[in-house]
Amino acid sequence: MDILNALVAFLNFVFIPAAAYGAQLALGALGVTLIYAILRFSNFAHGDTMAFGTAITILVTWGLQSLGVSLGPLPTALLALPVGIAATAVLVLGTDRAVYRFYRAQRAAPIIFVMASVGVMFVMNGLTRLLIGVDEQRFDDGARFIIAVRDFREWSGLAEGLALRSTQALTVVVTAIVCAALFWFLNRTKSGKAMRAYSDNEDLALLSGIDPERVVRLTWIIAAALMTIAGVLYGLDKSFRPFNYFQILLPIFAAAIVGGLGNPVGAIAGGFLVAFSEVAVTYPWVKVAGYLFPGWQPGGLLQLLGTEYKFAVSFVILIVVLLFRPTGLFSGKSV
Amino acid sequence: MSANRQAAAVSPWRAPILFAILAVLFLLEGTVRNGLFSGSWNTALAILNMGLISAITALGVNMQWGYAGLFNTGVVGFLAIGGLAPVLVSLPPVDGAWAAGGPRLILALLAGIGTLAMARIVHVRTRRGWAVALVLIGGFVAYRWLFDPAVTAIEANNAARAGNIGGLGLPVLMSWIVGGLFAAAAAWAVGKVALGLRSDYLAIATLGIGEIIVAVLRNEDWLARGVKNIASIPRPVPYEIELQQNPEFVDFAARWGFSVAEASGIWVKLCYMLLFLVVLLAIILLAELALKSPWGRMMRAIRDNETAAEAMGKDVTARHLQVFVLGSAVIGIAGAMMITLDGLMAPTSYNPLRYTFLIWVMVIVGGSGNNWGSVLGAVLIWFVWIKVEVWGPNLIGVLVGPLPDGDLKAHLLGSAPHMRFIAMGLVLLLVLRFAPRGLVPEK
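About the cut-offs
- Residues numbered from 1 in each chain as written.
- Chains lettered and ligands numbered in written order.
- Predicted model: local features only at pLDDT ≥ 70, side-chain atom pairs only at ≥ 80, totals over all residues.
- UniProt positions renumbered as here; feature names shortened; annotations may be inferred.
- Helix = DSSP H or I, 4+ residues; strand = E, 2+ residues; numbered from the N terminus.
- Rg over C-alpha atoms; globule rule 2.2 N^0.38 Å.
- Buried ≥ 20, exposed ≤ 12 C-beta atoms within 10 Å, placed from the backbone.
- Contact = placed C-beta atoms within 7 Å.
- pLDDT = per-residue confidence, 0-100.
- Nonpolar A, V, L, I, M, F, W, Y, C, P; charged D, E, K, R; others polar.
- Axes fitted to C-alpha atoms, helices over the stretch in contact; angles between N-to-C directions.
- Parallel < 35°, antiparallel > 145°, perpendicular 65-115°, else oblique.
- Left-handed = near helix turned anticlockwise from the far one by under 90°.
- Bend = angle between axes of the 7 residues up to and from the residue.

Per an unreviewed UniProt entry, chain B goes by the name Branched-chain amino acid ABC transporter permease and belongs to Paracoccus subflavus. The UniProt entry for chain B carries the following comment under Subcellular location (unreviewed entry): "Cell membrane".

Named according to an unreviewed UniProt entry, chain A is Branched-chain amino acid ABC transporter permease originating from Paracoccus subflavus. For chain A, the Subcellular location (unreviewed entry) comment in UniProt is given as "Cell membrane". Within the UniProt record for chain A, the comment given under Sequence similarities (unreviewed entry) is "Belongs to the binding-protein-dependent transport system permease family. LivHM subfamily."

Right, here's the structure in full:
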C-alpha cells in the first residue's frame, strides 16, 4: 500500500483540476445568482456574455502582447481584464436598457424575461463569433507551471508526479479575492446593503427610498465583472472556444440551484460541489487504486462515467436537488 | 402573461394573406434566378420540406408554450431521440449483433430502470437515505456488470461496417410513431421532476436533458454508431436513380420539359412533401380539436391564471406534465421525419442554437398559441434562415465593395455567416417586445 503516491495522484488528477474548475463555476454561479436575486430570472445569456467578455479580453491581450507589454510570470490577460470588464459592463447595461427594463416596468412573468435572455444570448453569440470567430484560441502566457512534474519527482523521490499549473493557482487566488471583495461589498457598504434589501423585499426597499434602477445597474456591473473574470479564468485554464461557454451554462445553473438560487454563499459552495462531483465521477480511479491496493487487478478503468458525460453529472445533481430540496442546500429564494 | 394575450381582434384575412406571401416567396425561389433567388425547384422544395418538418417541431413547442406556458429549451434533444427511431426500427438487422450481446443489453437496461424504481420504492417506504444509496450503488454495479461486456461484444461485431445493434427492418414510416414515443418517454421523466416547481427550472432541466441525449447519441457507438454516423436509412419514397432508369418517368420528364436528373429530384421531394403535409395537417387537426374541447379551455385557463385554475380544482402540475409529454412527442415525430428525409444520422449536427432556439424564434414570430401561426412562422423563418446564407455575403459584398482589399474587408466578408445569429436574436427580441402575439395572433 502506497499512500503517498496515491495521495499525489489524487491531488494531481482530481483535487487540483476540480478546485480550479470549481472556482470558475463558483464565479459563474455567483453572477447567475446575483441576477436572479435582484432581477428574478435565470439568465440564459450568461454563458455567451462570459464568452463576449473573454473575447474582448483576448483581443486586448493580443494588442498588449504585440506592444511587448507583459506581466512577467503572470498572464498578460490580467492586464487586459479591466478593459474586458468595462466593455462587458457597457454591453449588459445596454441590453438592460434596451430589453429587460421594458419588461420590468410591465412586471412581466419571469418566463418572459428568460425568453428575452434567449434573444440576448443569440445576439451575444453572434457578436462573439463576429469578434473572434468560432475557433479555439489560446492566450495564456507567462510561467506555465508553479510546480512541474519532473521537479516534483526529483524533489520528493516519489514515482507519481505532481503538476500545478500557474493558471490553476491563479484561478483559485483570483476567485478568493473576488469573493472576499464581493462579500465585503454586500455586507459592509451602503450600496451592497441596498442590493440585499431590494432582493429580500422589493416593496419595502422602495419605501425606504432605495432607487431600484440604481440597484439594477449595480447588479449588472457586478455581474459583468464576475462573468468576465470567470470567462477569462476558464479560458486561461482550458483554452477559449465560444461553444464551450454555451455548454458551461448547465453546470453553472446546477451550481447556482444546488446552493439555492439567489444565495451567494450557496453559489460558491454549489460551484465546488458540482466541479468535484464532475471530476470525481469521470476520473479513472485505476491508478489511485493501484497504489492503495497493489495486489488488486481491476478489470476496467474504475471510471464511473466517460468524460463525454460530464454534463450528466451536473444534470443528476440538479435533478436530485429539485427532487429533494428545490430551494437548494443553503435555502435560496422560494420555489 | 394574460395581459399580452387578450387583445383587439385582428383581421380574419391576415393569416391567408401571410400564407399567400409565403407561397409567392417559394414560387419566386422556384422560378426566378437572380441575386436573391436560386430559380431552382429542387432548392425551393428542399427548403419547403425542411420548413414543414420545422413546422411540426414548432407545433410541438407551441403546444407546450402556447397552450401551457412551458419553456422547453431541450428541443434539440427531443428531436435527436426521435431521430433514433428510424435507425432502430427501419434499418436491416446487423448480422450477429443480437447474438453478441442483445439479450444482455436489454437485461442491463431493465436493471437500470429497475434500480431507479426500486430506489423510489425504498425511499417512499423507509425514508432512509442510506438505504436508497445502497440500492443505487448496488444497482449501478449490476448495471455496469451487465452492460459493459454486452457493449464491447456488440461494438466488436463487424466494427468497420456496423458495430451497432442494428434495426428491426420494419417500414420507416412506422418509426415516426416510435420516435414520438421515445421523445414522450424522455419528456415524462424530465417533466415528472421539473414541473410543479418554479417556471425557470423546467427550462434549465430541459437544457440539460437536451445536451445529455445528444451526448448519448454521439458516444454510444452500439446504439447508432456515434460519430461514425449511419447513412442509407431506408426511404418511404422512390430513389432518384430508380426513377431515372424508368422509361415511363423519362417520357414524363421530357413532356414537362425538365431534364431527367432535375425531374427525379423534384419528384422525390414532392413525395416527401405530400407525406409531411399529411402528418402536419393531421397534427394540426388533432391540436385544433383538442384546443376547442373542454380540455383546451382548461389548458388556457391554467395558462392564464394558474392560481384561479387550481382553486377551481384543476391539477395544474398533472395537466402541465400531460401537455409537455404530448408536445415532446410531436417534436419526436418531427425528429424521426428529419432523419428519414436526410437518410443520415449524424449526431454532431445537433446544434442547440439551430435546433432549439431557432424553433423558438419560429414559434414566437408566428404567434404563440396559434397553430397556423406556428406553421407560418416556421416555414417563413426557415426560408429566411436558409436564404440569409446567400443574401448575407451578397449584401456585405455590396457594402464593402468600395473598401480597399485587406484584412478588414476579408474579416467582414468572413463574418457574414455569424450575422445570422445576431439577426435571429434581434428578430426574437423585437417581436417579443413590439408584437408579443406574433404574426398570426391567438384567437
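**Focus: the overall build of chain B**
A count of helical and extended segments in chain B gives 18 helices and zero strands. Since a compact globule built from 443 residues should have a radius of gyration of about 22 Å, the 24 Å found for chain B is in line with a globular shape. For the C-alpha atoms alone, the extent of chain B along its principal axes is close to 70 × 60 × 55 Å. Taking all 443 residues of chain B together, the buried fraction comes to 45%. At a minimum sequence separation of 6, the contacts of chain B that also span at least 24 residues come to 81%.

**A few points about the confidence of the model for chain B**
Residues and elements named next belong to chain B. Taken as a whole, chain B shows an average pLDDT of 86; of its residues, 98% reach a score of 70 or greater. The least confident element of chain B, judged by mean pLDDT, is helix 17 (residues 407–414) at 74; the most confident is helix 14 (residues 316–342) at 93. Here the prediction assigns the complex a pTM of 0.88, and the interface score ipTM is 0.87.

**Some words on the interface of chain B and chain A**
On the side of chain A, 39 residues touch chain B, which itself brings 37 residues to the contact. In terms of residue class, the side of chain B that touches chain A is made up of 24 nonpolar, seven polar and six charged.

**Things to note about the packing of helix 11 (residues 249–259) of chain A against helix 14 (residues 310–324) of chain A**
All names here are of chain A. Between helix 11 and helix 14, the least distance of the axes is 9 Å, while the angle of their chain directions is 25 degrees. By the angle between their directions, the pair helix 11 and helix 14 is classed as roughly parallel. Considering the relative orientation of helix 11 and helix 14, their crossing is left-handed. On the side of helix 11, the interface is formed by Leu250, Pro251, Ala254, Ile257 and Val258, while helix 14 contributes Phe311, Ser314, Phe315, Ile317, Leu318 and Val321. Residues that form the contact of helix 11 with helix 14 fall into these classes: 10 nonpolar, one polar and no charged.

**Remarks on the environment of Asn351(B)**
Residue and element names in this part refer to chain B. Tracing the backbone through its elements, the reader meets Asn351 in the loop between helix 14 and helix 15 (352–366). Its 14 C-beta neighbours within 10 Å are what place Asn351 among the partly exposed residues. Between the C-alpha atoms of Asn351 and Tyr143, which are 208 residues apart in sequence, the distance is 30 Å.

**Observations concerning helix 1 (residues 3–39) of chain A**
An α-helical turn contains 3.6 residues, so any two residues separated by three or four positions project in the same direction. The largest bend in helix 1 of chain A is about 45 degrees, located at Leu11(A). Positive backbone phi, approximately 65 degrees, marks Arg40(A), located one or two places after helix 1 of chain A.

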